[in-house]
Structure formats: C-alpha cells, structure tokens
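Chain residues, written in single-letter form:
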Amino acid sequence: EGNQNQTTSPCTTTAIAMDAKKPASLIRGVHHIGLTVNDMDATLKFFIEVLGYSLKSHVPADPSYAVSNGKSMITLWHANENARPFHRKKIVGLHHLALRVSSEAALNQLYDVISKYPGAKIEFGIEIMLL
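Keep in mind it's a predicted model, so treat the numbers as computed, not measured.

(A) Structural view of the packing of aromatic side chains. Under the defined criterion, the tally for this structure stands at three aromatic pairs. Ring geometry for Phe46 against Tyr117: centres 5.1 Å apart, planes inclined by 65°, an arrangement best described as edge-to-face. With Phe46 in helix α1 (residues 40-50) and Tyr117 in the segment after α2 (104-116), this residue pair connects regions lying 71 residues apart in the sequence.

(B) Structural context of the side chain of Ser68. Note that Ser68 resides in strand β5 (residues 64-68). Ser68 gets classed as buried once you look at its relative accessible area, which sits at 11%. Other than its neighbours up to four places away in sequence, Ser68 contacts Tyr53, Ser54, Lys56 and Met73.

(C) Molecular detail of the nonpolar core. Ranked by size, the top nonpolar core spans 14 residues in total, and within it Phe46, Phe47, Leu51, Val67, Ile74 and Leu76 carry the most contacts. When residues in this core are grouped by element, the largest group, five residues, is from α1. Beyond its immediate sequence surroundings of up to four residues, Ile74 is in contact with Ile33, Leu35, Phe47, Tyr53, Tyr65, Ala66, Val67 and Leu97.

(D) Up close: the pairing of strand β4 (residues 54-59). Pairing geometry for β4 and β5, over five bridges, is antiparallel. Note that in β5 the partner of Ser54 across the bridge is Ser68.

(E) Up close: a nonpolar patch on the surface. Judged by side-chain polarity, Tyr111, Ile122, Ile126, Ile128 and Leu130 come together as a nonpolar surface patch covering roughly 480 Å² of accessible area. Of note, Tyr111 is situated in helix α2.

(F) The arrangement of the environment of Lys116 in detail. Counting through the fold element by element, Lys116 comes out in helix α2. With a relative accessible area of 61%, Lys116 lands in the exposed category. Engagement of the side chain of Lys116 in a polar contact is seen with the side chain of Asp112, the distance being 3.2 Å.

(G) Region of the structure containing the pattern of salt bridges. What the rule picks out here adds up to one salt bridge. Measuring nitrogen to oxygen at the nearest pair gives 3.2 Å for the salt bridge that ties Lys116 to Asp112. With a gap of four residues between them, Lys116 and Asp112 both fall in helix α2, about one helical turn apart. Its relative accessible area of 37% is what places Asp112 among the partly exposed residues.

Conventions used here
- Residues numbered from 1 in each chain as written.
- Predicted model: local features only at pLDDT ≥ 70, side-chain atom pairs only at ≥ 80, totals over all residues.
- Heavy atoms only, no water.
- Phe/Tyr/Trp six-rings, centres within 6.5 Å; stacked < 30°, edge-to-face > 60°.
- Helix = DSSP H or I, 4+ residues; strand = E, 2+ residues; numbered from the N terminus.
- Buried < 20%, exposed > 50% of the residue type's maximum accessible area, 1.4 Å probe, protein only.
- Contact = heavy atoms within 4.5 Å.
- Core = buried A, V, L, I, M, F, W, Y, C linked by side-chain atoms within 4.5 Å.
- Pairing = 2+ DSSP bridges.
- Patch = residues over 30% accessible without salt bridge, like charges linked within 9 Å, V, L, I, M, F, W, Y side chains within 5 Å.
- Areas by Shrake-Rupley, 256 points an atom, 1.4 Å probe, with all protein chains shown as cover.
- Salt bridge = Lys/Arg side-chain N within 4 Å of Asp/Glu carboxyl O.
- Polar contact = N/O pair within 3.5 Å; in protein donor to acceptor, adjacent residues only side chain to side chain.

By themselves, these figures tell us nothing about what the structure is for.
Shown next as structure tokens:
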C-alpha cells in the first residue's frame, strides 16, 4: 500500500521519495575509509597478508598508516590506550566496511580465509549485494 518508492526512517516519520528531485552528485566514489584500531601490527598484517593490500604511507606523529590494493585505500589510526571497543548498537561510528570482490567464488574464498584467521570474528554470514 502507499508509494513503494519511499523509505521511512525507523527513528522519524519523515518519508523521502526515492525519485525526489535532487541535485546531481559531485561525488565520484569513496577516496578512503579511516579506521581506528587497537592493535596496529595485527591490523596491518591482516590487510597486507590476508587481503593483499600494500603499505602506502606512514605518519608517525599520528600514528597512522595507509594501505591500498590499487582500488581502495584504508587509513589505519592507532587508538589511545583507554579507547572503548566499538559496539554496533551502543556506539555511534562506522558500522561496517563492505569490500567488493570479483565473483561469488572469490567471496567464498575470502570468507574461508578470514574465518580461519586468528582473532578474526565474523558476526554475519556471507551477504551478496548487487549494485
């Protein structure tokens, strides 16, 4: 019932028409995503040895690192000692990072590798999203 081209936020009563008039976007993609991490060594090892990224830069003063696979860049920032761990329902912040793969076979292969990686926690199973 009603207009099926509308989404309603669960927190408000504001409905936004999917086909509403809007300006042309000047955004051409995401340049990079910044993640704050507790264990920089383990995180760098994971991105480089498991996901195939390369180290691109390091800024000791921050301290931060940038890793890239030539298609996406992720900056890694070291958290303070008293940083609280993220909880997707209790702390506002990055909910998740979805990485594009070339095929369903590649997705299954990557899932298998990550699920066996020491310390890796996969909260949800594989989800295929077509865009």
